[in-house]
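Spelled out from the first residue to the last, the chains are:
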Amino acid sequence: CLLSRGLGDVYKRQKLYIMELNPIALQFIYDETLFHFNEDVLISSKNETFLGENKSNISIVSNRKLSKSEIELLEKILLALNLKFENISLIEEKTTKDEYARILGITKPKKLILFGLTPFEVGFTDVTINKYEILEAYKGTDILQGDSFGDYNNDPSKKKALWFSLQRLITCLLYTSDAADEEDS
């Protein structure tokens, strides 16, 4: 028992040490691919990340990084809408309108859900909408603007308004997808 515990401690220290190595040095130490990320699943660079696989071209943009419990809540909302995290791209806390616009240029959303941001703040400079109203087919994108994600924890009326708007927005997506599938057959 003491021996296995001691080896476990050594192993844990080794993992911590390896995680602190320079990524270029790691390429020389480990020549096998440990994980392969599809660029559509996770795109990262110096200051940019979006999460999800974006299979349904639904972009969710937040004015701040979501906490673990907020991510779990988002997953529950998606499940209630018959969606999964793989259907969306989650874009969190960017600093400039140009950063948001560039990432949205990559994700090419059919549906755009904004939490704590206006369309102007993410690069749609010539449009304004009221919260919880859906702007349909603006430059090929349906846009829904809501409050900051954390605001829904304490305000049932905001939560209800968001839920009804999301149902309308996603129902339109499902209807549009079904119509496109019928045209293909």
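Located above this text is the structure these notes cover.
Residues numbered from 1 in each chain as written. Predicted model: local features only at pLDDT ≥ 70, side-chain atom pairs only at ≥ 80, totals over all residues. Heavy atoms only, no water.

Trainee: Even after reading the chapter, I still don't get unusual backbone geometry, so can you show me in this structure?
Mentor: Excluding glycine, most residues fall at negative phi; most peptide bonds, likewise, are trans. The backbone phi angle of Asn54 is positive, close to 60 degrees, even though this residue is not glycine. Its location among the elements puts Asn54 in the loop between strand S2 (49-51) and strand S3 (58-62). You can call Asn54 buried: its relative accessible area is 13%. Non-glycine residue Lys139 carries a positive phi angle of around 50 degrees. Mapped onto the elements, Lys139 comes out in the loop between strand S6 (134-138) and strand S7 (141-146). Classification of Lys139 as exposed rests on a relative accessible area of 62%. (Helix = DSSP H or I, 4+ residues; strand = E, 2+ residues; numbered from the N terminus. Buried < 20%, exposed > 50% of the residue type's maximum accessible area, 1.4 Å probe, protein only.)

Trainee: So what exactly am I meant to see when it comes to the pairing of strand S4 (residues 88-92) here?
Mentor: The side chains of a regular strand alternate between the sheet's two faces. Burial analysis of S4 places five of its five residues in the buried class, the great majority of the element. Two elements, S3 and S4, share five bridges in a ladder whose sense is parallel. Bridging across to S4, Ile58 finds its partner in Ile88. One crossover worth recording links S3 to the parallel S4 by way of helix H3 (residues 68-80), and it is right-handed. (Pairing = 2+ DSSP bridges. Right-handed = clockwise from strand over helix to strand, strands pointing away.)

Trainee: Is there a simple way to explain the packing of aromatic side chains in this structure?
Mentor: Any pair of aromatic rings gets described here by the distance separating the centres and the angle formed by the planes. One pass over the full model with this rule turns up four aromatic pairs. Between Phe115 and Phe149 the ring centres are 4.9 Å apart and the planes differ by 85 degrees, which places this aromatic pair in the edge-to-face class. Remark: Phe149 occurs in the loop between S7 and helix H5 (156-184) and Phe115 occurs in strand S5 (residues 111-115); sequence separation between them is 34 residues. Considered together, Phe115 and Phe149 belong to a single accessibility category, that of buried residues. Where Phe149 meets Tyr152, the ring centres are 6.4 Å apart and the plane angle is 70 degrees; that geometry is what we call edge-to-face. Accessibility classification places Phe149 together with Tyr152 in one group, the buried group. Taken together, the aromatic side chains of Phe115, Phe149 and Tyr152 make up a single cluster linked through ring pairs. (Phe/Tyr/Trp six-rings, centres within 6.5 Å; stacked < 30°, edge-to-face > 60°.)

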